[in-house]
Amino acid sequence: MSAREQILSRLKQTQILSAAPLPDVAAWFEGRQRNEKISERKARLKAALEAVHTEIHEVTPANWTTTLVELAKQKGIGQVLIGTDTPHGAQLQATDCPDLKLIEYTQPIDNWRDLLFDGVDAALTSAMGAVAETGSLILWPTPSEPRLMSLVPSVHFVLLDVEHIHSDLFSAMKANHWENAMPTNALLICGPSKTADIQQTLAYGAHGPKELVVLLRQSTGEHS
């Protein structure tokens, strides 16, 4: 018998074991669910984000745009990048802000790379939700709000509705049906970009925005 025949013979004699049953992930999380109000999830998220130098401002549907404009003025920001055809972008465009230039992300990156990297101070994106357990913002990049918006500018403004704060990642995935469709990049952001060298000197902004500013938009059903 040739070596090839010996190998094939052994393979044919090998007993194929059935795959082990998959763990019941949903049952595991359901057994550990917190019975929290929205206000309690919000408090956990705020504590986790602020612990890593994230700036948080509680706003309302009526004043979030004017709050952003005032924050931009305080920080010396002259330009804010906004997405194309987004509701929050349109709201900001309708706000009186003569000293703040709003730039829409309307072109392929190759057409305006220099302006994006050197001429844009800040960007505004929405958050699909957040995870209270880990203090993470969930960003869902789209053609209207590409990944570079949350990566390149030095200041990243994020608009988050409090009712979209979830207790844990599994709850967020289940609520938003992640199994049906996902973008190329689904982002979990836990604070401004930071790194440390071998001497443990912490520096912000090395790999992304050096400031993360969350506009936490309230809702009438916050305590439900």
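Look up a bit, the structure's there.
Residues numbered from 1 in each chain as written. Predicted model: local features only at pLDDT ≥ 70, side-chain atom pairs only at ≥ 80, totals over all residues. Heavy atoms only, no water.

A.B. asks: I would appreciate a short explanation of the sheet that holds strand 6 (residues 136-139) in the present structure.
C.D. replies: Through backbone hydrogen bonds, the strands of a sheet pair up, either in parallel or in antiparallel fashion. If you trace the four strands from one edge of the open sheet to the other, you get 8-5-6-9, paired in mixed fashion. The open sheet terminates on both sides in strands that have one partner only, identified here as strand 8 (165-166) and strand 9 (187-189). (Pairing = 2+ DSSP bridges. Helix = DSSP H or I, 4+ residues; strand = E, 2+ residues; numbered from the N terminus.)

A.B. asks: I tried to follow helix 3 (residues 38-50) on my own but got confused; where do I start?
C.D. replies: Spacing of three or four residues puts side chains on the same side of an α-helix, whose turn is 3.6 residues. For helix 3, which comprises 13 residues, the first-to-last C-alpha distance of 18 Å matches the rise-based estimate of 18 Å (1.5 Å per residue) to within 8%. Looking at the buried residues of helix 3, the elements they touch are strand 1 (55-59), strand 5 (129-131), strand 6, strand 7 (155-161), strand 8 and strand 12 (211-217). (Expected span 1.5 Å × (residues − 1). Contact = heavy atoms within 4.5 Å.)

A.B. asks: Help me understand the side chain of T95, please; the structure alone is not making it clear to me.
C.D. replies: Considering the arrangement of structural elements, one finds T95 in the loop between helix 5 (87-93) and strand 3 (101-104). Residue class for T95 comes out buried when judged on its relative accessible area of 15%. Within the local environment of T95, its side chain forms a polar contact with the backbone oxygen of Q91, the two atoms lying 3.0 Å apart. Apart from residues no more than four positions distant in its own chain, T95 is found in contact with T65, T66 and V69. (Buried < 20%, exposed > 50% of the residue type's maximum accessible area, 1.4 Å probe, protein only. Polar contact = N/O pair within 3.5 Å; in protein donor to acceptor, adjacent residues only side chain to side chain.)

A.B. asks: Could you clarify how one ought to interpret the pairing of strand 6 in this entry?
C.D. replies: Side-chain direction in a regular strand flips from residue to residue, so the side chains alternate between the two faces of the sheet. Residue alternation in strand 6 divides its side chains into two sets, S136 and I138 and L137 and L139, and both sets are buried. Pairing between strand 5 and strand 6: three bridges, direction antiparallel. In the sheet register, G129 faces strand 6, and the bridge partner there is I138. What sits between the antiparallel neighbours strand 5 and strand 6 is a turn of four residues, in which G135 has the positive phi angle 65 degrees.

A.B. asks: I would appreciate a short explanation of the pattern of salt bridges in the present structure.
C.D. replies: Two side chains bearing opposite charge may form a pair once their charged atoms approach each other closely. In the structure shown here, the tally under the stated rule is nine salt bridges. With a closest N to O distance of 3.9 Å, R34 and E36 form a salt bridge. Residue classification places E36 among the buried residues on the basis of a relative accessible area of 16%. Between E58 and K42 there is a salt bridge whose closest N-O contact spans 3.1 Å. With E58 in strand 1 and K42 in helix 3, this residue pair connects regions lying 16 residues apart in the sequence. On the basis of relative accessibility, which here comes to 39%, the residue E58 falls in the partly exposed class. Accessibility expressed as a relative area gives 9% for K42, which makes it buried. Salt bridges linked by common partners bring R34, E36 and R44 together as one network. (Salt bridge = Lys/Arg side-chain N within 4 Å of Asp/Glu carboxyl O.)

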